[in-house]
Amino acid sequence: MGILKGAVTRLLKLLAVVLVVSFLTFSLTKLLPGDPVVVLLGPQYSNVEVREAVQEDLGLNKPFLTQYVQYLGNVAQGDLGRSYTSKFETTELLKQKLPATIELMLLAQLVSLTLAIPLALFSAFRSNSRTDKAITTASFGLISIPGYAFAVFLVWLFALRFNWFPAIGYQPISEGIVGNLRSIALPLTVLVAGLTAVYTRLLRSDLISTLQEDFILMARSKGLPTRYILARHALRPSSFSLITVFGIQFGTLIGGAVIIEQFFVLPGIGSLAIESILKRDYLVVQGVVLLIAISFVLINFLIDILYTILDPRVRRAGA
Amino acid sequence: MTDLVSPPDGIATNPPPASPASDKKIKTAKKTGALGIGGWIASIWLITLTAAAVFAPWLPLDDPAKTDFSVPKNNSSPFTAGHLLGTDNNGYDILARIVWGGRVSLVVAAGVLIIGMLVGGTIGLLAGFFRGKSETLLMASVDVFLAFPALILLIAIVAFLGADLLNVVLGISLVSIPAFARISRATTLTYAQREFVLAARAAGASQKRILVREILPNVILPLLAFGLLVVGIAIVAEGSLAFLGLTSTETISWGGMINGGKKPLQQDNIAHTAMIPAVTMFLTVLAVNVLGDRFRAAFDVKDSML
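1. Focus on the overall build of chain A
A count of helices and strands for chain A gives 14 helices and 0 strands. In sequence order, the secondary structure elements of chain A are arranged as α-α-α-α-α-α-α-α-α-α-α-α-α-α. Referenced to the eigenvectors of the C-alpha coordinate spread, the extents of chain A come out at roughly 85 × 60 × 35 Å. With 319 residues in all, chain A has 45% of them scored as buried. Taking all contacts inside chain A whose residues are at least 6 apart in sequence as the whole, residues at least 24 apart take part in 73%. On chain A, roughly 15,900 Å² of surface is accessible, and the fraction owed to carbon and sulfur atoms is 66%. Averaging the positions of the 27 positive and the 19 negative side-chain charges in chain A gives two centres separated by 15 Å.

Below you can see the structure in the form of structure tokens.
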């Protein structure tokens, strides 16, 4: 009962956040200089009749708030509007560009967690050992390396010297899974490196403090095997900040994806965002930002619920 | 890597309890001085870079905007005569552009640090001290900022306002303000409860005096430690914009150099034009982060001594 009520309040709050974000995006694209009609019409812009007809057609001559409310109404019906420049529906564009970005982000998160959890467990359990120091130093270095700088290095090493992976381009899954994985191997590595470093550092420091708790001592004195203590007793109470940051990193990954997609010429949401900003294609920009905001907020909502499942204390506090 | 909004790991929002990790740091700090070997190397690198950037016009460097096709061709590799780090595909001298690009990074770092600390720090200080509605409003706006993709916001600001250096600095500062405000608020909250604030209040100090004389001096150093972290992120963010080709082409920037080196790297098997700025940037960000890390470790000591 308590969980349900908490979930409903949270959901309402998140709805508010999404509304504010959509309003801000809408205002930003309207307030800032640069008229899509100029881009659309080119030299014909000076022809007043044509210009006004186009503005009428796009609904750009109505008052600001009316435009926003109309936009929201359309969004609620799943209509994000038609791109000014390419004449495609925004939803259609998003559908085309989503697979590459989603594949990249999900795989990046999955691989990073798979790497970070054992690394952190080992590092924390043998803290101050040589391996721990190596892991800590390496993750510190990886946090400091900008994605595009790392990408340069990877392309030089794995595409030029060894010729293992293609330097640019994306092959959809439908054209073969091996080619697909080869095409995203380098961009994925860039994202995974940064993420794994963040997760390992975080989980390591949480684990070190958990391992000093009395219940760990208790478990040890009961003679439980180390592996069991680490996996069953230490990991769960140490994973809360990891989970929080896991959610927040989806936002960071979007930023990373913009750069990485541009670097490796991948057809994703990031390149779509940049193209449409440069072309003043407002409706597409709004669609992209709205999609990102909604997914980010939803993911973090799910993570909030995950807390209550993982931590009985949160459950009781909510009830 | 371009996340300016969420407080990064390693930043304790409360004064951290003395942990074995920080005890260890105290011990190593005693051995090699407060900076440690890594800290010294980082400082030397940053000082050299800053000096070179500041005095760039008077250094015996090539004109960074002058093309030289006289040496075999463009894209001559490092250590060719007259060009220590070689030339890029436009025939520009890479060393000169690295130094001049450092100027841009320096301006961005300083600008963002000053604006972020002044504006974000003040907002957080006031919200954490006076609590109430202003605090609720602050936290709500932080939530909105979190849901807004920071890099896309930055790209939009620069794309629409114009791509000169001032707008880039303003844009990055704007995106970093919520994070500064959060850290400043959290630190203020913990100090506002301390006995010395109560003592000052009992002695009849005004709110303003407590805020400026009692709390501010305690908040400013952790904020600066966080600021060093933001400096690294700001340099990367400027580089990202330049890499995406969104900043003015007249501004010489490491990110722009990487962007220029992308095509030779991916299509013509020429690595050095992209690698040199990439490595420079990595070393610089690493040096800033190492110093920030030492700085924060030093504060753990201070906190545990209080």
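2. Comments concerning a nonpolar patch on the surface
All names here are of chain A. A cluster of nonpolar side chains, contributed by V20, F23, L24, F64 and L65, occupies part of the molecular surface with about 390 Å² of accessible area. Among the elements that line the nonpolar patch, the one with the most residues is helix 1 (residues 2-31), at 3 residues. Checked against the element boundaries, F64 lands in helix 4 (residues 64-76). According to the relative accessible area criterion, F64 is partly exposed, its value standing at 30%.

3. Describing the packing of aromatic side chains
A full pass over the atoms with the stated rule returns 18 aromatic pairs over all chains. Centroid distance A:F26 to A:Y71: 5.6 Å. Interplanar angle 35 degrees. Geometry classified as tilted. Of this pair, A:F26 sits in helix 1 while A:Y71 sits in helix 4, placing them 45 residues apart in sequence. Judged on exposure class, the residue A:F26 and its partner A:Y71 are both buried. Linked through ring pairs, A:F23, A:F26, A:Y68 and A:Y71 together constitute an aromatic cluster. Residue placement shows B:K262 over the ring face of A:F263; its charged tip is 5.9 Å from the ring centre.

4. Digging into the side chain of A:S139
Note on placement: A:S139 falls in helix 6 (residues 130-144). A:S139 gets classed as buried once you look at its relative accessible area, which sits at 6%.

5. Focus: the pattern of salt bridges
Residues and elements named next belong to chain A. This model, assessed by the stated rule, comprises 2 salt bridges over all chains. One salt bridge connects R204 with D132, and the closest N-O pair in it is separated by 2.8 Å. In this pair, R204 sits in helix 8 (residues 177-210) while D132 sits in helix 6, placing the two residues 72 residues apart along the sequence. Each member of the pair, R204 as well as D132, carries the same accessibility label: buried.

6. Focus on the domain arrangement of chain A
Here chain A is partitioned into domain 1 (2-76) and domain 2 (90-278). When each unit is reduced to the centre of its C-alpha atoms, the spacing between domain 1 of chain A and domain 2 of chain A is 35 Å.

7. Re the packing of helix 6 of chain A against helix 8 of chain A
In helix packing, the relevant descriptors are the interaxial angle and the interaxial distance, both defined with respect to the helix axes. All names here are of chain A. One way to put it is that helix 6 packs onto helix 8 with a least axis distance of 8 Å and a crossing angle of 130 degrees. For the element pair helix 6 / helix 8, the angle class is oblique. Crossing geometry of helix 6 relative to helix 8 is assigned as left-handed. Contacts between helix 6 and helix 8 involve D132, I135, T136, S139, F140, L142 and I143 from the first element and A193, G194, A197, V198, T200, R201 and R204 from the second. Along the lines of polarity and charge, the residues of the contact of helix 6 with helix 8 split into 7 nonpolar, 4 polar and 3 charged.

8. Overview of the interface of chain B and chain A
Contacts between the two partners involve 44 residues from chain B, matched on the other side by 52 residues from chain A. Carbon and sulfur atoms supply 80% of the area buried between chain B and chain A, which totals about 4,300 Å² over both sides. Our count for the chain B to chain A interface comes out at 0 salt bridges. Summed over the shared surface of chain B and chain A, the result is 4 residue pairs in polar contact (both at pLDDT 80 or more). Listed by contribution, the elements that provide at least two residues to the side of chain B that touches chain A are helix 1 (20-32), helix 4 (132-147), helix 5 (150-161), helix 8 (207-243), helix 9 (254-268) and helix 10 (272-305) of chain B. A total of 10 residues in the side of chain B that touches chain A trace back to one element, the largest contributor, which is helix 10 of chain B. Tallied by class, the residues present in the side of chain B that touches chain A amount to 31 nonpolar, 7 polar and 6 charged.

Definitions and limits used
- For every chain, the first residue of its written sequence is number 1, and the numbers climb from 1 along that sequence.
- Throughout, the order in which chains and ligands are written sets their labels, letters from A for the former and numbers from 1 for the latter.
- Under the rules for a predicted model, residues below a pLDDT of 70 receive no local features and side-chain atom pairs below 80 are neither given nor counted, while totals for whole chains, interfaces and linings still include all residues.
- Hydrogens and waters are ignored; side-chain quantities use all the structure's heavy atoms.
- In this text, helices come from DSSP runs of H or I with a minimum length of four residues, and strands from runs of E with a minimum of two, each type numbered from the N-terminal end.
- Throughout this description, buried means an accessible area under 20% of the type-specific maximum (1.4 Å probe, protein chains only), exposed means over 50%, and partly exposed covers the range between.
- In what follows, a contact means two residues having at least one pair of non-hydrogen atoms within 4.5 Å.
- Surface accessibility in these figures is a Shrake-Rupley result with a 1.4 Å probe; residues are shielded only by whichever protein chains are displayed.
- Within this scheme the basic residues Lys and Arg register as positive and the acidic residues Asp and Glu register as negative, but His and the chain ends are omitted.
- Where a charge lies is defined by one atom per residue type: Lys uses NZ, Arg uses CZ, Asp uses CG and Glu uses CD.
- Any residue with relative accessible area above 30% and no salt bridge may belong to a patch, with like charges joined within 9 Å and the nonpolar Val, Leu, Ile, Met, Phe, Trp and Tyr side chains within 5 Å.
- We define a salt bridge as a side-chain nitrogen of Lys or Arg found within 4 Å of a carboxyl oxygen belonging to Asp or Glu.
- Side-chain rings of Phe, Tyr and Trp, where Trp is taken by its six-membered ring, are said to pair if the distance between their centres is within 6.5 Å; with planes under 30 degrees apart they count as stacked, over 60 as edge-to-face, and otherwise as tilted.
- Over a ring means this: the NZ of a Lys or the CZ of an Arg is within 6 Å of the ring centre and within 35 degrees of the ring normal.
- Either an automatic procedure or a domain database provided the assignment from which the domain bounds are taken.
- In this analysis an axis means a line fitted to C-alpha atoms, helices contributing only their contacting stretch, and an angle means the value between N-to-C directions, from 0 to 180 degrees.
- Here is the rule for angles: anything less than 35 degrees is roughly parallel, anything more than 145 is roughly antiparallel, 65 through 115 is roughly perpendicular, and the remaining ranges are oblique.
- Put simply, a crossing is left-handed when the front helix is turned counterclockwise from the back one by less than a right angle, and right-handed when it is turned clockwise.
- In this classification, the charged set is Asp, Glu, Lys and Arg, the nonpolar set is Ala, Val, Leu, Ile, Met, Phe, Trp, Tyr, Cys and Pro, and all remaining amino acids, among them Gly, are polar.
- As used here, buried area is the combined drop in accessible area, with a 1.4 Å probe, of two parts when they are placed together.
- Any pair of N or O atoms that falls within 3.5 Å is considered a polar contact. Within protein, one atom must be able to donate a hydrogen and the other to accept it, and sequence-neighbouring residues count only if both atoms are side-chain atoms.

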